[in-house]
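Take a look at the letters that make up each chain.
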Amino acid sequence: MAVRRREVLACGGAAALAMGGYGLAVALHGTWPAGVSEIAVPFHARLWDLVHGRATGDLLFNWSSGYGVPFLADFFAYLMNPLSWPTVLLPRDQGRLAVLLVALGSIGLGTALMTHLLGRVHPGPRWLRALAAVGYGLCAWVLDVGGAAPMLLWGLVSLPLLGLAADWCLHERRWLAGTLCVALAWAGNLYTAALATLMAGLLLTVRLFATPRPFRHRVRVTGRAVTMATTGVLLASPVLFVAVRAARTAQPESPVQPLGPSGLGGHLAQLLPSTHGGRPVPDVAIGLFGLLLVCGLPFNRRVRVRERAVWCGTLVLVVLSFVWTPTVLVWHGLAIPAGGPYRAAFVLSGLLVLAAWVSLAHRPDLLTLLGGAAVVAVIAGLAAGRHSVRTSTWVLLTVGGAVLLTALWTLDRRHADRRAAALATWVLGGAVLGNAVWSGHAALDAAPDGGPSPAALRAGRAAVRQGADWPAGRSDPGPHAFTVNDPLLVGGQGGGYFSGYLPTVAALLLHDLGAGWTAGGRQTASVTDPVGQALFAVRAHLADGPPPAGFTPGRAAAPPLVTVLPAGSRPDTSSVWSRQESLLGSQVYDAPLPVPAGGPVPTLHGTSGWSVPGGDEGTVFTAACTPGGTAYFHGVWYRGTVSGLGTAYRSDGEQPTTAVPIHLLGPVPADGVVRVTLRPDTVSQVPARPIGCLRPGALAAAVARATATGATRVTTGGHSLTATLPAGSTGTALLSVPATEGWTCAAGRGHAAPPTPVLGMIGVPLGSGSDRVSCSFRPPGLTEGLIVGSATAAALALAAAVTRLSRRRPHRPATPAPARPAVADEQAPR
């Protein structure tokens, strides 16, 4: 009991030291981690709304974002860190504080588990284990990436958790507990769990071969590990199946530049403390304390030769796998993440800490320390001159290195002196904490968070609530953008959304209707033009405006969420203007083919569009429109300046990553000629009909017709919608919701069936006449995942029960066989 209490104390101390170091760095800098306001805070606001019953939608479907998108896969990806759930007890407007607490909790838990794992890998002083584990909990990956992404920080917990499960396999015990640990890791975050599982398997392999073991023992251990991992993953089937199915229909990641050569010095610089910025390279620094120990491992003669060789060889191979593009792709599932090409770096940091502990547990002598210092000096020399190596790095290397070497040498020479050993440990603790705080401060300074002010968010939220008319119509927090996920953070029902599981159908629908996108379609935005807003039943919106709020509320008449297209309607996809008209059911635009009227001559490639030459002179297009109308320009991928009708703006399109939305030019003059001048940065593309003119009064008449024939009443549930139509309605009921996979709809009392998409929106044929439409959504893969997960859990519970009963069954002592009476002299010689 005393041993267990001391172990808990050491793990708790390590967690407190790591959490304190990170919290102190944030407090001293006075800013939040970069990017925390864009994704993490809005998703935690959504979690708060779900728990408190204020969300538009439920766990399965999100009515707020992207004009209606699936949500369960996003919940699994962004909110399954169990430490995120208690944050719902905080006020909703304390989102950044909530994310910080999740980060602190994940750092503390991961550090505590790593402390315990180090003791299982090799016994040693518990407080030295705690200091080594702090290097893992505050590695550069945490400081640069994890602070703004609490969902990824679950990987910091998963790695030592799976390492402990591997240790149980090694000692052939606790198979059931290990299986539950695997399930917990995979349910918390699939991406980091897969990486942690690979590294835990590698750690088990190292431990199997670092010391002599019987072949049969290695086979048994491998079998236990494989069955444990497989069963644990099957337990997490609901998460796995939903995520895989969602990934299949998600918008592909935007192409990123191949990993360029950062050079040997660029990669080595990331091993040094307080290095940030420069070219993308793995964030693997574990602090100077751990670095000295790792670099000294090859010289530590107290570690057996075989063990040293296995650990050093494994480290070299893994490090090389992080600098060679094919193996980097393997680490990331054969696709470089757009958010950063080295998201797997935390597993390498964990391996470095484990190797450092192997050296420290064997009490490095003077030769080991000098050898490690020499290697660190070589690394620093090769990395010198890099942009990421700053003055603070040299200060930590010189001053911090001298302090650490002295304390480690004292531990070796005076290890029998309890006072000297305690003093050296305290010195090491202060040096480790100082290194962590300094590095954390440098990471925050490299990219401070530029989120919106709390006052602006409160004003935006109040404006959206004031225009609320759901489900009759939408109150859109866009096209003004506070963050990339405004509908989650501000409220309302808009088109803005950023998600790795954003359905391609939703992204293409908004793109084709002129809303634009970024991140290759994984980040959508609200529609900007009045026809697009009418199509999505947007009756209130927030447009860009002057300070201090930065937005201007707007209102406009719009049809209901469900309208009816006449029978026989055929969509026209020749331009963005014709697509909008097809869904509206009325012709409202003049969209003539523009005529080149000056400047460098453009080239028309049929329906593909125009190639506009670059240059300062500018290419002039003219188009004939109805006088008194309103002209708009849609450049899609165009990059350059646009001017016309008194309006001038810059378009920053870039195919295929950034598509620009429809932009207002101004009123059509009395002569009906719209003159637009394009000055692209280089040869650029625009659509064949980039100019559309909204005829005077046409939209109001179209909205009135759509309202008259559309739904008279709309009700929505968490993941369902029901609309009452005028009696005898025929044609196609059109729901202004992306037709994502998982919807089933029925007209009248008919059977539910997948809808018939109309240019990406949900369409429900009404047959000979219906007065009611009902639709329901169920995430693809959820049913299969629940079946597999439940079957696995039942089998596991049955096996556990049988095992427990067999252990409780009393063992009857074997009844001794009756002894045969001896026959005296029976075989004596005569």
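You'll find the structure just up there.
Now for a description of the structure that goes with this document. (Residues numbered from 1 in each chain as written. Predicted model: local features only at pLDDT ≥ 70, side-chain atom pairs only at ≥ 80, totals over all residues. Heavy atoms only, no water.)

1. Re the state of the cysteines
Step number 1: In this structure the tally under the stated criterion is 2 disulfides.
Step number 2: A disulfide bridge connects C625 with C693, and the sulfur atoms are separated by 2.0 Å. Around the S-S axis, the bridge from C625 to C693 shows a dihedral of about 60° and counts as right-handed. On the criterion of sequence distance, the pair formed by C625 in the loop between β14 (619–624) and β15 (630–633) and C693 in strand β21 (residues 691–694) is long-range, its members being 68 residues apart. Accessibility classification places C625 together with C693 in one group, the buried group.
Step number 3: Covalent S-S linkage joins C745 and C775, the inter-sulfur distance amounting to 2.1 Å. Every disulfide takes its handedness from the sign of the S-S torsion; for C745 and C775 that torsion is 115°, giving right-handed. In this pair, C745 is assigned in strand β25 (residues 743–747) and C775 in strand β27 (residues 770–777), connecting sequence segments 30 residues apart. Considered together, C745 and C775 belong to a single accessibility category, that of buried residues.
Step number 4: What connects to what in the protein chain, once the bonded cysteines are numbered by sequence position, is 1-2, 3-4.
Step number 5: Cysteine C11 remains unbridged, with the sulfur of C181 as its closest cysteine sulfur at 14 Å.
Step number 6: With no disulfide of its own, C295 lies closest to C312 among cysteine sulfurs, the gap being 10 Å. (Disulfide = S-S within 2.5 Å. Helix = DSSP H or I, 4+ residues; strand = E, 2+ residues; numbered from the N terminus. Buried < 20%, exposed > 50% of the residue type's maximum accessible area, 1.4 Å probe, protein only.)

2. Concerning helix α18 (residues 391–413)
Step number 1: Look at α18: 33 Å from first C-alpha to last across 23 residues, which is about the 33 Å you get at 1.5 Å a residue.
Step number 2: Of all the bends in α18, the greatest measures close to 30° and is centred on G400.
Step number 3: Among the residues of α18, those classed as buried are S392, T393, L396, L397, G400, G401, L404, A407, L408, L411 and D412. (Expected span 1.5 Å × (residues − 1). Bend = angle between axes of the 7 residues up to and from the residue.)

3. Section: unusual backbone geometry
Step number 1: Between W470 and P471 the backbone carries a cis peptide bond, its omega angle lying at 5°.
Step number 2: Inspection of the secondary structure puts P471 in the loop between α20 (454–466) and β3 (474–479).
Step number 3: The omega torsion of the bond from G478 to P479 falls at 5°, within 30 degrees of zero and hence cis.
Step number 4: One can find P479 in strand β3.
Step number 5: The backbone of R174 shows a phi angle near 55°, a positive value even though the residue is not glycine.
Step number 6: Here R174 shows up in the loop between α7 (150–170) and α8 (175–188).
Step number 7: The class for R174 is partly exposed, based on a relative accessible area of 46%.

4. Overview of the sheet that holds strand β24 (residues 732–738)
Step number 1: As summarised here, the arrangement of the 3 strands in space is β9-β24-β26, forming an open sheet in which the pairing is antiparallel. The open sheet is flanked by β9 (562–565) and β26 (761–765), the only strands paired with a single partner. Averaged over all neighbouring strand pairs, the angle between strand axes comes to 35°, with direction disregarded.
Step number 2: Taken together, the 5 bridges between β24 and β26 define a ladder with antiparallel strand orientation. Looking at the pairing, T732 lines up with P765 of β26. (Pairing = 2+ DSSP bridges. Axes fitted to C-alpha atoms, helices over the stretch in contact; angles between N-to-C directions.)

5. Thoughts on the pairing of strand β23 (residues 720–729)
Step number 1: Bridge count for strand β22 (residues 713–716) against β23 is 4 bridges, and the pairing is antiparallel. Pairing of R713 across the sheet is with T724, part of β23.
Step number 2: The antiparallel pairing of β22 with β23 creates a hairpin that spans 3 residues between the two strands.

6. Here we look at the side chain of E7
Step number 1: In this fold, E7 is placed in helix α1 (residues 2–29).
Step number 2: On the basis of relative accessible area, E7 is assigned to the buried category, the value being 17%.
Step number 3: Excluding its chain neighbours within four sequence positions, the residues that come into contact with E7 are T115, H116 and R129. (Contact = heavy atoms within 4.5 Å.)

7. A short note on the side chain of S684
Step number 1: The residue S684 is located in strand β20 (residues 684–686) in this model.
Step number 2: A polar contact is formed between the side chain of S684 and the backbone nitrogen of R639, at a distance of 3.3 Å.
Step number 3: With residues up to four places along the chain from it excluded, the contact list for S684 reads W610, S611, V612, W637, Y638 and R639. (Polar contact = N/O pair within 3.5 Å; in protein donor to acceptor, adjacent residues only side chain to side chain.)

8. Let's talk about the sheet that holds strand β16 (residues 639–644)
Step number 1: Taken in spatial order, the 5 strands make up an open sheet running β11-β14-β19-β16-β17, and their pairing is antiparallel. Bordering the open sheet on either side are β11 (595–598) and β17 (647–652), each of which pairs with just one other strand. In this sheet, neighbouring strand axes are inclined to one another by 30° on average, regardless of whether the strands run parallel or antiparallel.

9. Here we look at the packing of aromatic side chains
Step number 1: Counted by the stated rule, this structure contains 17 aromatic pairs.
Step number 2: Both rings, one in F43 and one in Y497, keep their centres 6.2 Å apart while their planes meet at 45°; by these two values the pair is tilted. Taken together, the residues F43 in helix α2 (residues 40–51) and Y497 in strand β4 (residues 497–498) connect sequence positions 454 residues apart.
Step number 3: Aromatic pair W141 and F346: ring centres 4.8 Å apart, planes at 40°, arrangement tilted. Remark: F346 occurs in helix α16 (residues 345–361) and W141 occurs in helix α6 (residues 140–144); sequence separation between them is 205 residues. (Phe/Tyr/Trp six-rings, centres within 6.5 Å; stacked < 30°, edge-to-face > 60°.)

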